[in-house]
Structures are given as C-alpha cells and as structure tokens.
Amino acid sequence: MALNQSSLSSHYSPSPFNFSTNPPRFQRSYLKLPFLYNDHPNLVMGRAQNPKSGSDNIVSDPNIDGFGPKKALQCDEDEGSSSSSAIDFLTLCHSLKTTKRKGWINHGIKGPESIADHMYRMALMALIAGDNSGVNRERCIKIALVHDIAEAIVGDITPSDGVPKVEKSRMEQAALNEMCKVLGGGMRADEIQELWAEYENNSSIEANLVKDFDKVEMILQALEYETEHGMVLDEFFVSTAGKFQTDIGKSWAAEIISRRKSSVTKYKA
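What you see is a predicted model, and the numbers here were worked out from it, not measured in a lab.

Criteria and cut-off values
- Residues numbered from 1 in each chain as written.
- Predicted model: local features only at pLDDT ≥ 70, side-chain atom pairs only at ≥ 80, totals over all residues.
- Heavy atoms only, no water.
- Helix = DSSP H or I, 4+ residues; strand = E, 2+ residues; numbered from the N terminus.
- Buried < 20%, exposed > 50% of the residue type's maximum accessible area, 1.4 Å probe, protein only.
- Areas by Shrake-Rupley, 256 points an atom, 1.4 Å probe, with all protein chains shown as cover.
- Axes fitted to C-alpha atoms, helices over the stretch in contact; angles between N-to-C directions.
- Parallel < 35°, antiparallel > 145°, perpendicular 65-115°, else oblique.
- Contact = heavy atoms within 4.5 Å.
- Nonpolar A, V, L, I, M, F, W, Y, C, P; charged D, E, K, R; others polar.
- Salt bridge = Lys/Arg side-chain N within 4 Å of Asp/Glu carboxyl O.
- Patch = residues over 30% accessible without salt bridge, like charges linked within 9 Å, V, L, I, M, F, W, Y side chains within 5 Å.
- Expected span 1.5 Å × (residues − 1).
- Phe/Tyr/Trp six-rings, centres within 6.5 Å; stacked < 30°, edge-to-face > 60°.

The number of helices and strands found in the protein chain is 10 helices and 0 strands. Element order for the protein chain, N to C, with α for helix and β for strand: α-α-α-α-α-α-α-α-α-α. Taking all 269 residues of the protein chain together, 45% fall into the buried category. Summed over its atoms, the accessible surface of the protein chain is roughly 13800 Å², and 53% of this surface lies on carbon and sulfur atoms.

For the pair helix H3 (residues 115-128) and helix H4 (residues 137-146), interaxial distance at closest approach is 8 Å and the crossing angle is 175°. The orientation of H3 with respect to H4, classified from their angle, is roughly antiparallel. Seen from H3, the contacting residues are Met119, Met122, Ala123, Ala126 and Leu127; seen from H4, they are Arg137, Cys140, Ile141, Ala144 and Leu145. Its residues assigned to classes, the contact of H3 with H4 comprises 9 nonpolar, no polar and 1 charged.

Side-chain pairs of opposite charge can arise whenever the charged atoms involved come near each other. According to the stated counting rule, one finds 15 salt bridges in the structure shown. Its salt-bridge partner being lysine 102, residue aspartate 161 comes within 2.9 Å of it at the nearest N-O pair. Within this pair, whereas aspartate 161 is found in the loop between helix H5 (151-154) and helix H6 (165-183), its partner lysine 102 is found in helix H2 (residues 102-106), the two being separated by 59 residues in sequence. You'll find aspartate 161 and lysine 102 in the same group, each marked buried. A salt bridge links lysine 181 to glutamate 178; the nearest nitrogen and oxygen atoms lie 3.6 Å apart. With lysine 181 and glutamate 178 both in helix H6, this residue pair falls 3 residues apart, about one helical turn.

Before going further, it helps to spend a moment on a nonpolar patch on the surface. Residues Tyr120, Leu124, Leu127 and Ile128 make up a contiguous nonpolar surface patch of roughly 400 Å² in combined accessible area. Structurally, the position occupied by isoleucine 128 is in helix H3.

With that settled, consider helix H8 (residues 205-229). The end-to-end C-alpha distance of H8, which contains 25 residues, comes to 36 Å, matching closely the 36 Å that a straight helix rising 1.5 Å per residue would cover. The element H8 is extensively covered by neighbouring structure, given that 18 of its 25 residues are classed as buried. Phi turns positive, to about 65°, at glycine 230, one or two residues after H8.

Here we take up the packing of aromatic side chains. Enumeration according to the criterion identifies 3 aromatic pairs in this entry. Between tryptophan 104 and phenylalanine 236 the ring centres are 4.4 Å apart and the planes differ by 35°, which places this aromatic pair in the tilted class. In this pair, tryptophan 104 sits in helix H2 while phenylalanine 236 sits in helix H9 (residues 234-240), placing the two residues 132 residues apart along the sequence. Taking 5.5 Å as the distance between ring centres and 25° as the angle between the ring planes, the aromatic pair formed by phenylalanine 213 and tryptophan 252 counts as stacked. Of this pair, phenylalanine 213 sits in helix H8 while tryptophan 252 sits in helix H10 (residues 247-268), placing them 39 residues apart in sequence. Judged by its relative accessible area of 0%, phenylalanine 213 falls in the buried class.

Rendered as structure tokens:
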C-alpha cells in the first residue's frame, strides 16, 4: 500500500533514517525506521507518534454493551487518543488490510489472505468459542485483534526470512512502541502493549487459547486453499501437529484434519 505522507496529521514526523539498500518492492519509503536493520532485506517496512490519558469516566450501567462498563459517550480529547492521533494510527494500520501473508505467497497462492483477514477470523473464533471456566472471552477477542498488529510496520516475518525468533520479537516490540506513540500513548496504547506482550509471552490462559486460534485459523485457511486450488499444503499441518494447548484448539484442529483427509486424498493420487 502506498501511504501518502500528507494523509497523516502534522503531528506525525518520519524518522530521518533511510534504508536505501532494501529492495524497492519491500521498502515502504514513507516510513523509515531506525530499529529495522539492513541485514534483513526481505522484510516489509513501515512507521509510527503523541497525547495523554485522562480520568476514567465510567457509565454506571454495566449493560451498555455485552461486555460490561464502557466509557461515557462524552469525554475529553485527552482521554485515550486525540482525533488526529487516532486517525494517524488507523491510517498506519491500513497496511494490515493490504499486506498479504507471506506463507501463502511463498506457496504460489494467488490473491492470498491479508494479515487483517487472518486476525479478523481469529477474533471471530474467540467470539463463538464456547464458555470456558476462568477464560475472559472479551480479552481473547482483544488479543486476537492486536497479536499481529506490529506487522503493520515490519510486515509478515516468516521462518523463510531467516530472522531469529529473538530478533523478530525485538523488531516487533520496537514497531509496536512506534505505533503506540502514533496513537498518542495513554491507557489505550498501554492496553495494546499489554495484550501484545501477553500473547508474545504466552502468559495467560487467554493467550494459550488465542495461540491455538492462530494455528487453527492457519490450517483452516490451508485446507480452503487446498480445496480451491487443488494442491497439497502439508507443511502447515505438519508444523502445527501436537502443538495445540487447549481442548478447544485440539477439538477444532481435529475437525479440520478430519475434513481434510477426504478432500485432499484425490490431490495426492
């Protein structure tokens, strides 16, 4: 996606660093980041800036929506993000809708899903999953929506890129920090940071479940591409086998694999 610098507010200022050695098809020239190194030329680039958090103004009726208390309709501009920083942030997130998932590109899938496509169906999984004791479903939905958000800047980094896991995490954390600056900091930015870290560290039962949804969504998409294109995508099923942590994840994965056994047999003949 070609983001026009003029579409961002005057508060948004790009970094002076220029990664001119990156191949043109990967480089996002409008967003130049000092924390992305030249030694990863296959990575998609992108960038991100600041108000303050204000006081909580909670509506007393917990039934305003299905998840409990929410912010009052009228709040100060300082509450969370200002209008300009919010739109800057959402504009930056546009690349999540247009950046295709690299695993499918590497397998020659035409018109593959985007990063946002993947996260959206994961959020739907969290929404429709049966109730589990001790699991906060709203938090699962939020984690699903932000777990790959840093890819708006760094792109979809896959094992084929040869980037070590620790370095990938560092790059994504730095990108997320930039995005939260764009949002303007405050409680919403803090929440995004917290949700992302929770998923990254697999540090809660909600993160365990969303990690499973990440794999379930991938193998479901693989099955759909196998059916649509008449091809075999064993790699995605092999890489996730035995790695599901929750009963729901195991059950849904088993259902997908069961459906695959009959539909893929003819392609292997």
